[in-house]
Amino acid sequence: MEAVLFGITAVLALAGGVGVVAARQPVHSALALLLVLLSLAVDYLLLAAQFIAALQVIVYAGAIVVLFVFIIMLLHTRSGEGPRAGAGLPRAGAGVLCGLFGLALLALAAGVRETAPPPAPGFGTIQDVGRALFGRYLLPFEAASALLLIGMVGAVALGKRLRPAGDPSPGRPQAPPAGGPARAR
Amino acid sequence: MTWADLSLIAPELALAAAACAALLQDAWATGPALESRSRGPAAAWIALGGVCAALLLLGVRPAGAAQVGFAGMYVRDGITRVVDLAALAAAGLGVMLSPPYLERFRLPAGEYHALLLLSTAGAMLMGASRNLVLLFLGLEMLSFPLYVLAALARRSRRSQEAGLKYLLLGAFATAFFVYGVALVYGASGTADLSRLGRAPDVPLLHAGVAFLVIGLGFEAALVPFHAWAPDVYEGAPMPATAFMSVIAKVGAFAGLLRLFPQALPQLAPAWGQMLAAIAVATMILGNLAALAQSNVKRLLAYSGVAHAGYILIGIASGGPAGSSAVLYYLLVYVAMNLGAFGVLLLLERRGEEADRVEDLAGLLGRAPWAAVVLAACMVSLAGLPPTAGFIAKLYLFRAALQDHRVALALVGALTSVVSVYYYLRVASVALSAGAADAVAVRHSRFAGVGLALAAAGVLWLGIVPGAITALVQQAVQALR
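Reading the values: rules and limits
- Residues numbered from 1 in each chain as written.
- Chains lettered and ligands numbered in written order.
- Predicted model: local features only at pLDDT ≥ 70, side-chain atom pairs only at ≥ 80, totals over all residues.
- Heavy atoms only, no water.
- Axes fitted to C-alpha atoms, helices over the stretch in contact; angles between N-to-C directions.
- Helix = DSSP H or I, 4+ residues; strand = E, 2+ residues; numbered from the N terminus.
- Parallel < 35°, antiparallel > 145°, perpendicular 65-115°, else oblique.
- Left-handed = near helix turned anticlockwise from the far one by under 90°.
- Contact = heavy atoms within 4.5 Å.
- Buried < 20%, exposed > 50% of the residue type's maximum accessible area, 1.4 Å probe, protein only.
- Phe/Tyr/Trp six-rings, centres within 6.5 Å; stacked < 30°, edge-to-face > 60°.

Next up on the list: the packing of helix α6 (residues 109-128) of chain B against helix α7 (residues 132-150) of chain B. Axis angle and axis distance: for two packed helices, these are the angle between their axes and the distance between the axes, and together they describe the pair. Residues and elements named next belong to chain B. Where α6 contacts α7, the axes come no closer than 7 Å and their chain directions differ by 155°. Looking at the two axes, α6 sits roughly antiparallel to α7. In the packing of α6 onto α7, the handedness of the crossing is left-handed. In this structure, α6 contributes Y112, L115, L116, L118, S119, A121, G122, A123, L125 and M126 to the contact, and α7 contributes L135, G138, L139, M141, L142, P145, L146, V148 and L149.

Here the focus is the environment of A254 of chain B. Residue and element names in this part refer to chain B. For A254, the position within the fold is in helix α11 (residues 238-263). Overall, the relative accessible area of 0% leaves A254 in the buried class. Contacts of A254, omitting those with residues within four sequence positions, involve V83 and G127.

What follows concerns unusual backbone geometry. Residues and elements named next belong to chain B. Between V223 and P224 the backbone carries a cis peptide bond, its omega angle lying at 5°. Inspection of the secondary structure puts P224 in the loop between α9 (203-220) and α10 (228-235). Despite not being glycine, A71 has its phi angle at roughly 55°, a positive value. Take A71: it is sitting in the loop between β1 (67-69) and β2 (74-76).

Given two aromatic rings, one states the distance between the centres and the angle between the planes to describe the pair. Residues and elements named next belong to chain B. Applying the stated rule across the entire model yields 16 aromatic pairs over all chains. When the ring of F172 is compared with that of F176, the centres are 5.3 Å apart and the planes differ by 80°; the resulting orientation is edge-to-face. Of this pair, F172 and F176 both sit in helix α8 (residues 157-188), four residues apart, which is roughly one turn of the helix. Assessed through its relative accessible area of 13%, F176 is described here as buried. Centroid distance F218 to W228: 5.2 Å. Interplanar angle 35°. Geometry classified as tilted. With F218 in helix α9 and W228 in helix α10, this pair connects stretches of sequence that are ten residues apart. Exposure class is identical for F218 and W228. Each is buried. By way of ring pairs, the aromatic residues F144, Y147, Y166, F218, W228 and Y233 are connected into one cluster.

Here you go:
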């Protein structure tokens, strides 16, 4: 039963992945991504990680894909129409990636352990995840919060509006100011 | 979590607190304006205070046996101590050398210092991690601020390009690292580095370790994962370039030390060969490519690639000798590379960075001390006595010979001879007569003290290396 379910979700996830890459319209890519994320949620359930499965549906399928769709709609004002320009990997890059993937598959086939021990009772519940998060994995959890702070600071620093002015800029500006050292304002 | 756990990460906490303080001070001083107006070095003082507090907290802790905290995630031992010292030295010098530049090119001081401090904390976490999960988060905490710092000069297209390039390639390398963590976990059933030594020797483990090397090798700019370095170094604003050139190496090599000589000694024949091959390719390509550069930032980028190759000799040789040589080299590299960048930060050509070799002409006549510091750092980077670079390379090559890796030591010595040419070309231009037109030299007391400290480090570690040698040898005693 589990093997059959896994087979179905794996095929769906792979099909969705191909769809993300191959779809001509961005909206279709986003919807194919939704298929991938939902199939992975079923996979997590099969691994007895019920809380992670719920999070996968709520956070990824619920919030992040919606965000993608919104952005696509805002960027392509004509209801997400229009083919994307110049998508696709160079052939050599695609070949290298496929090679690496094949290598990883080979390694997996050679080294996989057939039987995993059954999960302990209570595994994958909210209590269990919470205990792990605030017990054994407390320091990585806190480091992740610092990482989010860095992301926010970076987004604000790089995203906020600048005063429009022909200011001296480092590196090689397009048009060097005529004569004289830098003006400090 | 207990107080004992918290006191273990006290230096990192001090840095994070100082980062938040710098951000809040900047927001307070700016008010509702669009761009930061706090022109004074207040943020720099806060950041420097944080670094000094972290150094103090590091110093008051007695150097004794290794202490493990956070349920085995975090270890504070001799290696942690030296890595912290190198990272904090990089942060301190980076803070001291940048205020004149930040003011002139109007970079946001609060964000700059906050990101610099958090990146330092990330490198320190990598040096202290005893678990692959923490190693990964440390790597991310190290590299994310560097992506932002590279793109911080909003009005420069080259800086934006550098930031984007670094982010995209870095995310790619990070994906490999995470995949490696997953494979290692699948092969061994644990992410705990102290238990990897008992993992069964299956192909899956080898594949995972190879992927981990890609992630760390990208950050350290090892060949063939170095392609980002010259473009990003050239495009990023120069203080960011200076800082990232050292902190990324400190973090990445701390991670490699934790991973290879410490966690996987049983696989030493396998990874030793792989790392030795990477080291040879890195040394040869970095040094040959640096020969042809006329831009000092690009030259120092390729020099950074070459030095990554030298440091990798120590990891590939393994054992206490190799590991202590790596730690010593990291300390030396921080001082000499930041000293070289610090002199460049003082120069300015018509409102731009003065980053061509010929811009340095006649520096001796106008800023004699800066020219002398630059020459000393170049001599040290080339690895000539009586500077620290010589001793550091000596330790590395000795470790390689002890491990019977004659080819590694030979390639290292030969490529060092090649490197003498391009380093001394820069030094001789700086010490020559004549003057580059339109290049102005800025004087700043803050940066002057930083340069003096860097130069003192280069000479002190070269002439009387005893104290630091004892420190790094004590750090690796636990290794066999």
